[in-house]
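If you want the building blocks of each chain, they are given just below.
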Amino acid sequence: MNDNQQQKDCRTAADYIRPRLKKPPKIGIILGTALGSLANEITVSAQFPYREIPGFLQATAPSHAGLLINGSLAGQDVVCMSGRFHYYEGYSFAQLAAPIQLFKLLGVQLVIITNAAGAINLSYRPGDLMLISDHLNFMGAAPTRGPNPDEFGPRFFDVSHVYAPELRLLAKEVAGTLGTGLHEGVYAYMTGPQFETPAEIRALRTLGADAVGMSTVPEALAAAHCGLPVLGISVLTNMASGILPVDAPISQVEEIGNIAAADLATLIKGVLSALP
Ligand code: HPA
């Protein structure tokens, strides 16, 4: 699919959804692997299985529901993607911008992006949460590569503050009040679906990464392109490859993700309540 087609598909999806929304959303949320339980806490006013949205992508990854939910959460009008898209599913980077561009077309002003990630920082533990302060993207991943989608943003754009400092400050204050532990660190993007080699993890640590995962960065870049501030939170489901004297515990991603999803939900609801 070429990139112009992707912009058209986005508009088709937005035109389908907009008149069916009961509550125009201010906040867009993307839920990561095994983190779908937050969706159950939304007071739903409308919901759309991805397969019913014309022009939209289909979620194929395990533990990704494939449902766009509109409603209210902690006093805010939200639209939430329960089930996200990854490069390893075969989508192009341009396609990975679709959820964010759809949010933008629906009037969203702020995006919350969550993910499951492996801990690279040796002081982190499985089950901990990490606020994303910045990212490393060595994958050549640019969701706006190709003809620039001018209606969303300019050809060249700044990525000094993708993860909005004021939202990070707010998240840290809320975590402090709630007594939720919250690290702050750098997320390294790897396309997967294979987990990383121990050598890759050592290299990423040397280069300044605290956590690693297979999502978030294409969406965060698309958000930066269209001027949407991002709050990014990783749930650290496992220690990354080579840290422990066992193979990377892939089964832990869902198990720990499901447990830590409760802390993540509490934190996100706290942030939403504290927003104006
Ligand atoms: N590596 C990449 N992606 C992940 C990991 C990991 O260790 N854990 C959860 N998602």
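K.L.:
So what exactly am I meant to see when it comes to the overall build of the protein here?
P.N.:
Along its length, the protein carries seven helices and nine strands. Relative to a compact globule of 276 residues, whose C-alpha radius of gyration would be 19 Å, the protein shows 17 Å and is just as compact. Along the first, second and third principal axes, the C-alpha set of the protein runs to 55 × 40 × 35 Å. In the protein, buried positions account for 57% of the 276 residues. In the protein, once contacts between residues fewer than 6 apart in sequence are set aside, the share between residues at least 24 apart is 82%.

K.L.:
How do you make sense of the side chain of Ser241 when you look at a structure like this?
P.N.:
Mapped onto the secondary structure, Ser241 falls in the loop between strand 9 (230–239) and helix 7 (251–274). Looking at Ser241, the relative accessible area reads 8%, which means it is buried.

K.L.:
Quick question: what am I supposed to make of the environment of Pro54 here?
P.N.:
You can see Pro54 is positioned in the loop between strand 2 (43–49) and strand 3 (67–73). Apart from the residues lying within four places of it in its own chain, the contact partners of Pro54 are Asp9, Thr12, Ala13 and Tyr16.

K.L.:
For this particular structure, what's the right way to read unusual backbone geometry?
P.N.:
The phi torsion of most residues other than glycine is negative, and most of the peptide bonds are trans. At the junction of Gly192 and Pro193, the peptide bond is cis and its omega measures out at 5 degrees in the coordinates. Structurally, Pro193 can be placed in the loop between strand 7 (183–189) and helix 5 (198–206). A positive phi angle, near 50 degrees, is found at Ala74, a position not held by glycine.

K.L.:
Which parts of the structure should I look at to understand the pattern of salt bridges?
P.N.:
Oppositely charged side chains are able to pair whenever their charged atoms sit close together. According to the stated counting rule, one finds six salt bridges in the structure shown. One salt bridge connects Glu184 with Arg168, and the closest N-O pair in it is separated by 2.8 Å. Here the residue Glu184 occupies a position in strand 7, and Arg168 occupies one in helix 4 (residues 165–178), the gap between them amounting to 16 residues. Among the charged side chains, a salt-bridge network with shared partners connects Arg168, Lys172 and Glu184.

The rules behind these values
- Residues numbered from 1 in each chain as written.
- Predicted model: local features only at pLDDT ≥ 70, side-chain atom pairs only at ≥ 80, totals over all residues.
- Heavy atoms only, no water.
- Helix = DSSP H or I, 4+ residues; strand = E, 2+ residues; numbered from the N terminus.
- Rg over C-alpha atoms; globule rule 2.2 N^0.38 Å.
- Buried < 20%, exposed > 50% of the residue type's maximum accessible area, 1.4 Å probe, protein only.
- Contact = heavy atoms within 4.5 Å.
- Salt bridge = Lys/Arg side-chain N within 4 Å of Asp/Glu carboxyl O.

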